[in-house]
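Residue strings, one per chain:
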Amino acid sequence: LWVSKATSEKLFTGLTGVKRSHRRRGIARTLKLRAIEHAQDLGAKVIITDNEENNPMYQINLELGFEPRPAWLEYRKVLRE
């Protein structure tokens, strides 16, 4: 977890990785739950995470109460070729 530069009430998550040989044992869910507890201890009101919807972590995030939001759009203007 890291704190938003805009407000300390918003935290972001990075990757929740589990070695392939240890997957499907509840380790990622436990890590996420501990991160949620830690965020609450810090007084955060929001946790932001992201992942691709075909990734198994997507379902875990939904089960833990994360709500899907629209994808980000990135705009680019080329000034010189």
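Read on for an overview of the structure. (Residues numbered from 1 in each chain as written. Predicted model: local features only at pLDDT ≥ 70, side-chain atom pairs only at ≥ 80, totals over all residues. Heavy atoms only, no water.)

Before going further, it helps to spend a moment on the layout of surface pockets. Of the voids in this model, the largest pocket is the one considered here, and its volume is about 880 Å³. Ile48, Thr49, Glu67, Pro68 and Arg69 are, among the 22 residues lining the largest pocket, the residues nearest its centre. For the lining of the largest pocket, a count of residues per class yields 13 nonpolar, 4 polar and 5 charged. Its boundaries defined by the atoms lining it, the second largest pocket holds a volume of some 590 Å³. (1 Å grid on protein atoms, 1.4 Å probe; cavity = no way out; pocket = protein on both sides within 12 Å on 5 of 7 lines; lining within 4 Å. Points joined across faces, edges and corners; volume = space filled by probe spheres on them. Nonpolar A, V, L, I, M, F, W, Y, C, P; charged D, E, K, R; others polar.)

Right, let's get into the packing of helix α1 (residues 27-41) against helix α2 (residues 56-63). Between α1 and α2, the shortest axis-to-axis distance is 11 Å and the interhelical angle comes to 45°. The angle between α1 and α2 places the two elements in the oblique class. Crossing angle aside, the handedness with which α1 passes α2 is right-handed. Taking contact as the criterion, the partners of Ala28, Arg29 and Lys32 in α1 are, on α2, Met57, Ile60, Asn61 and Glu63. (Axes fitted to C-alpha atoms, helices over the stretch in contact; angles between N-to-C directions. Helix = DSSP H or I, 4+ residues; strand = E, 2+ residues; numbered from the N terminus. Parallel < 35°, antiparallel > 145°, perpendicular 65-115°, else oblique. Left-handed = near helix turned anticlockwise from the far one by under 90°. Contact = heavy atoms within 4.5 Å.)

Of all the residues in α2, the buried ones are Met57, Ile60 and Asn61. Mapping the buried residues of α2 onto a view down its axis gives an arc of 100°, with all of them on the same face. Here the buried face of α2 lies against α1. (Buried < 20%, exposed > 50% of the residue type's maximum accessible area, 1.4 Å probe, protein only. Arc of directions from axis to C-beta.)

This structure, assessed with the given rule, holds 1 aromatic pair. Taking 5.9 Å as the distance between ring centres and 25° as the angle between the ring planes, the aromatic pair formed by tryptophan 2 and phenylalanine 12 counts as stacked. Pair noted here: tryptophan 2 is in strand β1 (residues 2-3) and phenylalanine 12 is in strand β2 (residues 10-12), with a separation of 10 residues, a long-range link. Judged by relative accessible area, tryptophan 2 falls into the partly exposed class, the value being 47%. Sitting over the ring of phenylalanine 66, lysine 32 keeps its end group 4.9 Å from the ring centre. (Phe/Tyr/Trp six-rings, centres within 6.5 Å; stacked < 30°, edge-to-face > 60°. Lys NZ or Arg CZ within 6 Å of the ring centre and 35° of its normal.)

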